[in-house]
Amino acid sequence: MPPTPPFGHWLSKHIKTGKSNCTHDREGESVEEMGQPELADADARLIIVGDPGRTDPHLQLAGNAVRTAKYSPFTFLPRNLFEQFHRVAYVYFLVIAVLNQLPQLAVFGRGASVLPLAFVLLVTAVKDAYEDWRRHRSDRIENNRAASVVDPRDGQFRPKRWKDVRVGEVLKVFADETNPCDMVLLATSDPTGVAYVQTINLDGESNLKTRYAKQETTSRPIGDEHPFAAGLIRCERPNRNIYGFLANMEIDGKRVSLGPSNIILRGCELKNTAWAIGVAVYAGSETKVMLNSSGAPSKRSRLETHMNRETLLLSAVLITLCSVVSICNGIWLGKHRNDLELSQFFRKRDYSDSDENYNYYGIGMQVFFTFLMSVIVFQIMIPISLYISMELARLGQAYFMIRDTNLYDESSNSKFQCRALNINEDLGQIKYVFSDKTGTLTENKMEFQCASIRGRDYSSGKVPLQDNGGTHSDLVGDQIWKPKMSVKTDPELVALLRSKVETEQGKQAREFFLALACCNTIVPLVVETADQTQKLIDYQGESPDEQALVYAAASYGFVLIERTSGHIVIDVLGDRQRYDVLGLHEFDSDRKRMSVIIGCPDKTVKLYVKGADISMFGVIQKTINLDIIRATETSINAYSSLGLRTLVIGMRKLSRNDFEEWQSAYENASTELIGRGRLLRAVASNVERDLHILGASGIEDKLQQGVPQAIESIRQAGIKVWVLTGDKQETAISIGFSCKLLTSEMTQIVINSNSRESCKKSLQDAVALSSKLAAISPDSENILRGTGSSRIALALVIDGNSLVYILETELEEELFKVATVCDVVLCCRVAPLQKAGIVALMKNQTDDMTLAIGDGANDVSMIQMADVGIGISGQEGRQAVMASDFAMGQFRFLVPLLLVHGHWNYQRMAYMILYNFYRNAVFVFILFWYVLYTAYSLTTAISEWSSVLYSVIYTALPTIVVGILDKDLSRRTLIKYPQLYRAGQRDERYNLKLFILTMMDSIWQSVAIFYIPYLAYRQSVVDGSSLGDLWTLAVVILVNIHLAMDVFQWNWITHASIWGCIVATVICVIIIDSIWMLPGYWAIFHIMGTGLFWLCLLGIIIAGILPRFTTKALTEYFMPNDIQIARELEKYQNINAATTSEIPMITLSQPL
């Protein structure tokens, strides 16, 4: 169709005034929107199009080869060791190993002292090497892909490896190919220069996005030799902002501006476009995707943080033991100073030809040496094997979480992802859950439900509407095209649209749905079907809301069939019509609306606008049709109360003067290089005024399956749920009731303030109200804890405007007081950074663990700020998943993740840490008791190899197996009784009290192990090596029996690991004593042949384990905790017949 004559041909000058998503804000703004100053040559990159040699004559710019691998063959060893020794414990053991190499301090053999540290370093290095080998392999595949690049000698496109592409070269990308670098578009197969790209490799979004080539380059004949050689691009230096690009291009003596819509980034795929030609501006490591390739920030688990406290206490114990030994050694040397000449350990005089003394340096130095030697002997008081054991246990836990079918989402075919292996146990201690709403609690699959047109409500309060039959289709040649999805329609509205009688209501209804079909950035894709006579129209777009509105328009007879940068084709009730797209103002967070200027078939020009009600009612003409505006507001409130998302639709006819004024203002703003974004927004706001209201739409974002039951279980577990959403207050409250977050019994505290003073007063009133309710509550003692069955439940509802005056001010403390008293907090109209600010507030004000869960780019800051971040694999791309610690498909999976796996992981890891401390402490105290009877000389009866293998082979495997497989309670019990989760919140399995009791038990068991053989063999002639073998076997058997007493769930792997380690210890001791070069040759065979040996072993086991067994039995019988009661319930009640879950998930009730 020819252009509109009165206004001339408009070459689709798309105005980029903000984000392209009409309902979901993205974090960050483009560089041009932020009004940066004009680029000076010193601050800019100059690129000569088609001439990489002149662009980068000295090869200073990055090549296009990428490297994600961390190491090279030459740097692996030093760099990997440097990274591993960031752990202070590793430095400690390195110092110990070095000290043992000194002749004066050598206690163990030099090789034996290095073995434990070398083993841990080797295991970690092998793991890191394998991971880096995989990265190297991926890099090779990526760098050797082929690209079509212009040969400067003849101007023809020839294949070239990606890694050889240089900045300034002209490339050609074909449909479904991946872009090899960041390139500015010069031309596309579309005559108007439009290209459609998919950024799934960049930000995870699968919807298509539009990019444009400037008309100054698109109009050049592609067949000419060097068609773009005259161009010069001045662009900003490489940066991470994937939504911004500031540049200009000089071509044919004319300077044109370039923005984010003119650049295709590396990793994007070309879709629905035959080919696209562009010039490389950033390559390799300087591309935006590579600059953003850093992972989520590293997090440490709470248990590992608390370990530092116990490690310091153990260090103090170690220093105390070493001090006692060294001081006693000094006293002993003083008393026996006259006998040292004949002492085999302290001979003062050398009776050889030399006149020097040796092995004695005076009492002072001997005390110092003794202290250092004591540190070497008692070094395993701080268990080096604990770190590698924790890593292996977490790896095993992650394996079983990933394999858990209860966390598998069939609808999206997505498995659970464990992206951070170091915080598994934190899942068992969560106290606050911060959740996004759209796409997290809801499906983010929008469905058009109802509309209000010219004040007339076409829902009658009934949602969903009645199904009015088939979907509207369009006949194209001999084929039938119809939308891929159908929407239920209202019969009355359908009849109005198709009525032959012309009425004002019918005219407005047609304008309403025409606005829905026109005012969007949706790209219609024609999809083949099995039926050759039928094709489907798949609407692709960045916003699910836009898709829902376009599908709704199609179901009512306004089918969007084709889109180019210059026009769209719409089938209007069976009549195909072309509409010229003269201008497009995309959505931005300031205006909160988008608009499109359309040249209609009747030669008129219309402006269609849609947006949030708070922004639209400010630009609608209210001097006329005031009753219609009020009726529309009533309908919007009714839709919001039903939990629907609302948009207001408006229209304005533009005269020639209006259009020319807008066109001139746009051209002036778009050519400015200073404050371009601000000027373009001003142009958009200027034309979006005096609108005529057409109506409003109601879109349902359905709750995900099982969300209400999941929230109920989470709250019963003592976890407070906060919902942080960008939706309006009415919609958020409605969803809150739907998902059982809010109840009718709750007292709501609402804070909506527009000034600092009113916000302060609202907070003070809220504090007073909460204090008053706490005073009159029958269970006021527990109101601050969120417990108690008869207390008055409170819910806080606060909006983003109020948070502006609260966060990072002295009012934060008041908000914290109110929020912690409330059972539920609902934050509406919050920005992404405000979400992160709220999470930071709770982290800074309390020690409670926080978890954030979301599915969109606007949730990334919140996810990274929380102690645990969970990404939902939803409709808004994978940005949240890529920034998260864990990822899953549905919100309801939080229940098995926290209540089951979180509980298991916490109790396993807590026990593993305490057990490792206990296991090593027992061994160290045995060595200490022996030193007291050997003139404090630090000789050891236990062989050095047994000392080394104790933490590596003798006792390491069982604790790892238990840390992976042990389960104190079954899945169905933990799901049925969510209150059991609170054990982790109260630190019941790992605290200072338990640590002290464990150390006391360690001392007692070491006394039993040492003194029973000592007293039994005191008058015998048995040698020290034989006693050392007895002590070795005794301590290994005792600590493994101790572990066996605490195992909750036995299986063949647990049996094999515990009893197998005892057998392995016996075999190792026999092998060590069979080597004639080592001290203690044949010692084990001398002592094992006596009955006293076996009697001592039996006595040690009984005496060592009896106090713990007695305490355990009495405690569980007279003072059982919740976990122990639940275990008894599992044993003595038939819980299989009971209701196992309140959550409608078949997988949760499957037998274990």
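Each value, and the rule that gives it
Residues numbered from 1 in each chain as written. Predicted model: local features only at pLDDT ≥ 70, side-chain atom pairs only at ≥ 80, totals over all residues. Heavy atoms only, no water. Buried < 20%, exposed > 50% of the residue type's maximum accessible area, 1.4 Å probe, protein only. Helix = DSSP H or I, 4+ residues; strand = E, 2+ residues; numbered from the N terminus. Pairing = 2+ DSSP bridges. Core = buried A, V, L, I, M, F, W, Y, C linked by side-chain atoms within 4.5 Å. Domains from an automatic or database assignment. Contact = heavy atoms within 4.5 Å. Phe/Tyr/Trp six-rings, centres within 6.5 Å; stacked < 30°, edge-to-face > 60°. Lys NZ or Arg CZ within 6 Å of the ring centre and 35° of its normal. Polar contact = N/O pair within 3.5 Å; in protein donor to acceptor, adjacent residues only side chain to side chain. Axes fitted to C-alpha atoms, helices over the stretch in contact; angles between N-to-C directions. Lys, Arg positive; Asp, Glu negative; His and termini not counted. Salt bridge = Lys/Arg side-chain N within 4 Å of Asp/Glu carboxyl O. Expected span 1.5 Å × (residues − 1). Left-handed = near helix turned anticlockwise from the far one by under 90°. Nonpolar A, V, L, I, M, F, W, Y, C, P; charged D, E, K, R; others polar. Patch = residues over 30% accessible without salt bridge, like charges linked within 9 Å, V, L, I, M, F, W, Y side chains within 5 Å. Areas by Shrake-Rupley, 256 points an atom, 1.4 Å probe, with all protein chains shown as cover.

Enquirer: Where do I start with the pairing of strand β9 (residues 232–236) in this structure?
Expert: Along any regular strand, the residues point their side chains to alternate faces of the sheet. A large share of β9 lies buried, amounting to 4 of its 5 residues. Two strands pair when backbone bridges link them, and strand β2 (residues 44–48) and β9 are joined in this way by 5 bridges, in the antiparallel orientation. Note that in β9 the partner of I48 across the bridge is L232. Strand direction decides the pairing type here: β9 and strand β10 (residues 247–251), joined by 4 bridges, are antiparallel. Bridge assignment links L232 to a residue of β10, and that residue is E250.

Enquirer: Could you clarify how one ought to interpret the nonpolar core in this entry?
Expert: Core analysis: the biggest nonpolar cluster contains 96 residues, and F378, I913, F917, Y990, I1009, W1031 and V1035 have the highest contact counts within it. Counting residues per element, this core draws most heavily on helix α25 (residues 894–931), at 21 residues. When we break this core down by domain, the ones giving at least three residues each are domain 1 (296–348 + 359–382) and domain 4 (901–1133). Setting aside its immediate chain neighbours within four residues, I913 contacts L303, M307, L386, M390 and Y990.

Enquirer: Got a minute to help me understand the packing of aromatic side chains in this structure?
Expert: Two measures describe an aromatic ring pair: the distance that separates the ring centres and the angle between the ring planes. Using the criterion set out here, one finds 37 aromatic pairs in the structure. Judged by centre distance (6.3 Å) and plane angle (20°), the ring pair of Y432 and F434 falls under stacked. F434 matches Y432 in its accessibility class, with the two residues each being buried. With centroids separated by 6.3 Å and ring planes inclined at 5°, the aromatic side chains of W1050 and W1059 adopt a geometry described as stacked. Its relative accessible area of 37% is what places W1059 among the partly exposed residues. We note K172 situated over the ring of W275; from NZ or CZ to the ring centre the distance is 4.9 Å.

Enquirer: Would you explain the environment of Y579 in this entry?
Expert: Structurally, the position occupied by Y579 is in strand β25 (residues 575–585). The exposure class of Y579 is buried, given its relative accessible area of 4%. Not counting residues within four places of it along the chain, the set of residues in contact with Y579 comprises L514, H567, I568, I570, V572, I598, G599, C600 and P601. Polar contacts involving the side chain of Y579 include one to the side chain of Q577, which spans 2.5 Å.

Enquirer: Quick question: what am I supposed to make of the sheet that holds β9 here?
Expert: Whenever strands of a sheet pair, they do so through backbone hydrogen bonds, lying parallel or antiparallel. Strand order in this open sheet of 4 strands is β2-β9-β10-β11, and the pairing throughout is antiparallel. Among the strands making up the open sheet, the edge pair consists of β2 and β11 (254–258). Strand-to-strand, the axes of this sheet are offset by a mean angle of 20°, without reference to chain direction.

Enquirer: Sorry if this is basic, but what is going on with the side chain of D409 here?
Expert: Structurally, D409 can be placed in the loop between α9 (385–403) and β15 (417–418). One buried charged residue, D409, remains without a salt bridge, the closest side chain of opposite sign being R892 at 4.9 Å. Within the structure, the side chain of D409 is placed 3.4 Å from the side chain of Q890, a separation counted as a polar contact. Excluding its chain neighbours within four sequence positions, the residues that come into contact with D409 are S414, G889, Q890 and F893.

Enquirer: How do you make sense of the pattern of salt bridges when you look at a structure like this?
Expert: A side chain with one charge can pair with a side chain of the opposite charge if their charged atoms come near. Counted by the stated rule, this structure contains 47 salt bridges. E546 is the salt-bridge partner of K610, the closest N and O atoms lying 3.8 Å from each other. Here the residue K610 occupies a position in strand β27 (residues 605–611), and E546 occupies one in helix α12 (residues 544–555), the gap between them amounting to 64 residues. Exposure class is identical for K610 and E546. Each is buried. The partner of D1122 in a salt bridge is R986, with the nearest N and O atoms 3.4 Å apart. Of this pair, D1122 sits in helix α35 (residues 1122–1132) while R986 sits in the loop between α29 (982–985) and α30 (992–1016), and the two are 136 residues apart along the sequence. A relative accessible area of 44% places R986 in the partly exposed class. Ionic contacts of the salt-bridge type, sharing partners, join the residues D1001, D1046, R1108, K1112 and E1116 into one network.

Enquirer: What is the right way to look at helix α31 (residues 1024–1046) in this model?
Expert: Counting along an α-helix, one turn takes 3.6 residues, and residues three or four places apart therefore face a common direction. Here α31 contains 23 residues, and its C-alpha end-to-end distance of 33 Å stays within 8% of the 33 Å for a straight helix at 1.5 Å per residue. For α31, a buried count of 19 out of 23 residues is recorded, marking the element as mostly surrounded by other parts of the structure.

Enquirer: Looking at this structure, how should I read the packing of α30 against α31?
Expert: A pair of packed helices is characterised by two quantities: the angle between their axes and the separation of those axes. Running from N to C, α30 and α31 point in directions that differ by 145°, and their axes come no closer than 10 Å. Seen from above, α30 lies across α31 with right-handed handedness. Only L1027, L1030, W1031, A1034, V1035, L1038 and H1042 of α31 make contact with α30, whose side of the interface consists of D1001, Q1005, I1009, F1010 and P1013. Looking at side-chain class alone, the contact of α30 with α31 contains 9 nonpolar, 2 polar and 1 charged residues.

Enquirer: Please clarify how a nonpolar patch on the surface should be interpreted in this entry.
Expert: Where nonpolar side chains cluster on the molecular surface, the patch consists of V1063, I1067, I1071, I1075, W1076, M1077, Y1081, W1082 and F1085 and spans about 940 Å² of accessible area. Among the elements that line the nonpolar patch, the one with the most residues is helix α32 (residues 1052–1073), at 3 residues. Along the chain, I1075 falls in the loop between α32 and α33 (1083–1088). I1075 sits in the partly exposed class, given a relative accessible area of 31%.

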